[in-house]
Amino acid sequence: MKDSTLDLRELAMHLRSGRLSPVDHVESTLAGLTEAGGLVTARDDDAAMRAAELAATEITSGQWRGPLHGMAVAVSDTIDVAGLPTRCGSAVRAGAAPARTDAEAVARLRAAGAIVVAKAQCQELGLGPTGDVGVGSAPHNPHEHGAITGGASSGAAALVARGYVPFALGSDTGGDVRVPAALCGVVGLRPHQGAVPTTGMVPVSTTLDLPGLLTGDVHGASVVWDVLARGAEGTGGGIQEPGVTGLRIGLPQNALLGVDDPQLEVVLQAAAARLSQHGAELVEIEIPDLDALAATYAVIVGAEAHATHAAELVERREDFQPETAQRLLAQSERTAQEYISALRTRDRLRTSIMATLRRTYGLDALLLGTTPLRATPLGERTLAGDLDLRAELPRLTSPFSLLGAPAVSVPARAVDGLPIGIQVAGVKLEERGILRVAAVVDGKD
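Residues numbered from 1 in each chain as written. Predicted model: local features only at pLDDT ≥ 70, side-chain atom pairs only at ≥ 80, totals over all residues. Heavy atoms only, no water.

A. Fine view of the overall build of the protein chain. Counting its secondary structure elements, the protein chain contains 14 helices and 13 strands. In terms of overall size, the protein chain behaves like a compact globule, its C-alpha atoms giving a radius of gyration of 21 Å where 445 residues would be expected to give roughly 22 Å. Dimensions of the protein chain, computed from C-alpha atoms along their principal axes, come out at roughly 60 × 55 × 40 Å. Out of the 445 residues in the protein chain, the part that is buried amounts to 58%. Taking as baseline every contact in the protein chain between residues at least 6 positions apart, the subset at least 24 positions apart corresponds to 76%. Of note, the protein chain has its 38 positive side-chain charges centred 4 Å away from the centre of its 52 negative side-chain charges. (Helix = DSSP H or I, 4+ residues; strand = E, 2+ residues; numbered from the N terminus. Rg over C-alpha atoms; globule rule 2.2 N^0.38 Å. Buried < 20%, exposed > 50% of the residue type's maximum accessible area, 1.4 Å probe, protein only. Contact = heavy atoms within 4.5 Å. Lys, Arg positive; Asp, Glu negative; His and termini not counted. Charge placed at Lys NZ, Arg CZ, Asp CG, Glu CD.)

Put into structure tokens, the structure is as follows:
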């Protein structure tokens, strides 16, 4: 039996029952990771094996901690793991000392018995949606060599998609878990703002960053979310009713949320039909003031990212990748007035938009694409019509970061070629609810 062929829930059952030892599971995972090449930036095999041995002893003696006990996890290299350096895919942090403590999200996974086996490659400093900028070779899409994985959690998504690890922890600012999930054909969940502390994460945007998770299927995401939610204010909205009967789900018609690839429109229509067949009410809507809200994203993220790295840009500009330096330097003339105005606009529109979606439309969730297009060639930046790929990729995900809403990307069954992501964003529903909707979309209800 190969544990890489098991989904996360099956793997959890095998580990608990003793059919699979954590020692064998972690040993097999570490052996597989030697083939992962540049997707792994740091690992401590001895520490991982010691943790596996402890997990095996605990499980056999009846001290089972839960469904992640003894299970391997990879962590994106923007997130601290005690004993390993956090280099963020950048020469700027090449000399980073090993982290002294775990990020809060990592600590919660470890407390549940999960075993960190590796740090995963990421877009430099977590800044950018393509996943192909950073120290070392760019990661290739698991479904097409030479295509992007998406960023910033590029390596984490690729490791899950290739079956090297059953799940991974990434970081999401405007779509940095959901975009690579969509392009790599896995599930990516961004929780609601404030759901999980950002302690121990190298910031891109101090007001929008969140840890997110990547798994091979929706039910696996539900298992991991239940662990991450522990200790947070609120635990994902409580137990959700099975199925989607009676839920009111909006289909946004805003031009800003349109898709570029006809295949995405096909799978979105199929997803809507499936939800309708299972008892959901689908309604076409226009999200008010969406363009004005979206315009605040570049100002907020640009100003906050520049503030984080301003000193390094002066002292060590040559250590930044050219594209990263260019993006950061472009924010150097941003005024405090612009930034504060953008924050105030975002906060005002967040309140009014969510009130409209909840009260006027009576929505529980929204259904739309995750990205407007599928994976493009490595290094490509300009699309037909002179569109900037870096602006296009997060176009459908960043609004829900600004709204503070939970959102999940679930892979669709494309009729040809590369994976397609469908996004379910919460309105009244929180994490467990949108995962339930996503399970119906995915056909695993």
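B. Examining unusual backbone geometry more closely. Residues Gly 151 and Ala 152 are joined by a peptide bond in cis, for which omega reads 5°. Looking at the secondary structure, you find Ala 152 in the loop between strand E3 (115–120) and helix H5 (154–161).

C. Seen up close, the packing of aromatic side chains. Applying the stated criterion across every chain, the model contains zero aromatic pairs. If you follow Arg 16 out to its NZ or CZ, it ends over the ring of Trp 64, 3.7 Å from the centre. (Phe/Tyr/Trp six-rings, centres within 6.5 Å; stacked < 30°, edge-to-face > 60°. Lys NZ or Arg CZ within 6 Å of the ring centre and 35° of its normal.)

D. Up close: the side chain of Gln 123. Looking at the secondary structure, you find Gln 123 in the loop between E3 and H5. Discounting chain neighbours no more than four positions away, the residues touching Gln 123 are Cys 88, Gly 128, Thr 130, Gly 131, Asp 132, Val 133, Ala 152 and Ser 154.

E. Structural context of the nonpolar core. With 64 residues, the main nonpolar core has Leu 68, Leu 109 and Leu 367 as its most contacted residues. Sequence-distant contacts of Leu 68, that is, excluding residues within four places in its chain, are made with Leu 8, Leu 109, Ala 112, Gly 113, Ala 114, Phe 167, Val 223, Val 224 and Val 227. With 39 residues, the next largest nonpolar core counts Val 202, Leu 208, Ile 287 and Leu 349 among its residues. (Core = buried A, V, L, I, M, F, W, Y, C linked by side-chain atoms within 4.5 Å.)

F. Just helix H14 (residues 431–442), in detail. Given a rise of 1.5 Å per residue, twelve residues ought to cover 16 Å, and the 16 Å separating the end C-alpha atoms of H14 matches this to within 8%. In terms of burial, H14 is a largely internal element, eleven of the twelve residues being buried. Within the span of H14, buried status applies to Glu 431, Arg 432, Gly 433, Ile 434, Leu 435, Val 437, Ala 438, Ala 439, Val 440, Val 441 and Asp 442. (Expected span 1.5 Å × (residues − 1).)

G. Broad picture of the environment of Ser 76. By the element assignment, Ser 76 lies in strand E2 (residues 72–76). Taking C-alpha positions, Ser 76 is 21 Å from Glu 323, a pair spaced 247 residues apart along the chain.

H. The arrangement of the pattern of salt bridges in detail. A complete count under the given rule lists 19 salt bridges for this structure. Here Arg 395 makes a salt bridge to Glu 392, at a shortest N to O gap of 2.8 Å. Judged by relative accessible area, Glu 392 falls into the buried class, the value being 7%. Members of the salt-bridge network, linked through shared partners, are Asp 132, Glu 323, Arg 381, Asp 388 and Arg 390. (Salt bridge = Lys/Arg side-chain N within 4 Å of Asp/Glu carboxyl O.)

I. Structural context of the sheet that holds strand E8 (residues 281–285). Spatially, the eleven strands line up as an open sheet ordered E1-E3-E2-E4-E6-E5-E12-E13-E9-E7-E8, and their pairing is mixed. Edge positions in the open sheet fall to strand E1 (40–42) and E8, since each of these has one partner strand only. Going across the sheet, the axis of each strand differs from the next one's by a mean of 30°, ignoring polarity. Bridging between strand E12 (residues 407–412) and strand E13 (residues 420–426) involves six bridges; their strand directions are antiparallel. Bridge pairing in E13 links Pro 411 to Gly 421. Sitting on the sheet, helix H2 (residues 22–33) touches E1, E2 and E3, and the angle it makes with E3 is about 10°. (Pairing = 2+ DSSP bridges. Axes fitted to C-alpha atoms, helices over the stretch in contact; angles between N-to-C directions.)

J. Expanded view of helix H8 (residues 262–277). Given a rise of 1.5 Å per residue, 16 residues ought to cover 22 Å, and the 23 Å separating the end C-alpha atoms of H8 matches this to within 8%. If you follow the buried residues of H8, they end up packed against strand E7 (248–252), E8, strand E9 (365–369), E12, E13 and H14. The opening residue of H8 is Asp 261, an N-cap whose side-chain oxygen sits 2.8 Å from the backbone nitrogen of Gln 263. Two residues or fewer after H8 comes Gly 279, characterised by a positive phi angle close to 105°. (Polar contact = N/O pair within 3.5 Å; in protein donor to acceptor, adjacent residues only side chain to side chain.)

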